[in-house]
Every structure is written in structure tokens, then in C-alpha cells.
Amino acid sequence: MQASILVAILLSLQMLTQSGNPLVGRWINEDKSRVIEFFTNGDTYDALIREADDKSLIGRKQIAGLTTKDGKSFRNGTLFLIRKGKSAKCSARLTNGQTLEITGSVGLLSKSQTWTKL
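The structure contained in this document is the topic of the report that follows. (Residues numbered from 1 in each chain as written. Predicted model: local features only at pLDDT ≥ 70, side-chain atom pairs only at ≥ 80, totals over all residues. Heavy atoms only, no water.)

### A word on the environment of Ile102
As for its placement among the helices and strands, Ile102 is situated in strand β7 (residues 99–106). In the structure, Ile102 is positioned 27 residues away from Arg75 in sequence and 9.9 Å away in space, judged by C-alpha atoms. If we skip the residues at most four places from it in the chain, Ile102 touches Phe38, Ile63, Cys90, Ser91, Ala92, Lys111, Ser112, Gln113 and Trp115. (Helix = DSSP H or I, 4+ residues; strand = E, 2+ residues; numbered from the N terminus. Contact = heavy atoms within 4.5 Å.)

### Remarks on the pattern of salt bridges
Per the stated rule, a full pass over the model turns up 6 salt bridges. One salt bridge connects Glu37 with Arg26, and the closest N-O pair in it is separated by 3.9 Å. One end of the pair, Glu37, is in strand β2 (residues 34–41); the other, Arg26, is in strand β1 (residues 25–28), with 11 residues separating them in the sequence. With relative accessibility at 34%, the residue Arg26 sits in the partly exposed group. (Salt bridge = Lys/Arg side-chain N within 4 Å of Asp/Glu carboxyl O. Buried < 20%, exposed > 50% of the residue type's maximum accessible area, 1.4 Å probe, protein only.)

Structural data, given as C-alpha cells:
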């Protein structure tokens, strides 16, 4: 009984500390094939795939190491291109609190997607 109360308190505290952070939470990609959940990892942000058309991707890390100074622009991250077995530099920009523009770059090539908050 006491252990379950302690777990509930700890989960509530974690939710309170992250609730004021607009990046933390679940996002869906443009083609609605994946739900990605951002969370804090120390001073950086990582994202795991929580739902996907390809079930083998669930639980895999999609993004790691994003940093921010203003809570709206994020940089210095790594985007994992899981199906290709490669990675790319990653940056992101919150546009209105409900949309997130993710950009992956390899050399001079870059591609952006807009994700929507769930």
C-alpha cells in the first residue's frame, strides 16, 4: 500500500515538472504513421516511438540530445533513421505550441516535417 502511494506521488511530481514544457509529450508525424513521445533526459530532450504502423519500431529512440535555450528552438540533436540504419543532425522549432517543425540534415541535404501535438 505505502509503495503504491509513493509511486503515485513520484509520478505526479514528474508530470507537474514537465507539464509547463511545451515539447514534452506525444506528437504525431505528418503522415500519421508514428506517435513520438518527447521527454527530458537531464538537460536534453529525447523522443521514443510509442505507436507506429510498423510495430517493430515501437519503443525505439527516434531523436536524442536536443538542447534549447529559449524553449522554442531546439538544436544539436540526433535523428535516427531507423529503417536506413543511419543518423542525421536534428533541430526543431515550436511554431505555436501545437506544431513542431523537425529538420534532419546530412551534409548539405536537409528535410523537414511538421508534427502535431496530441
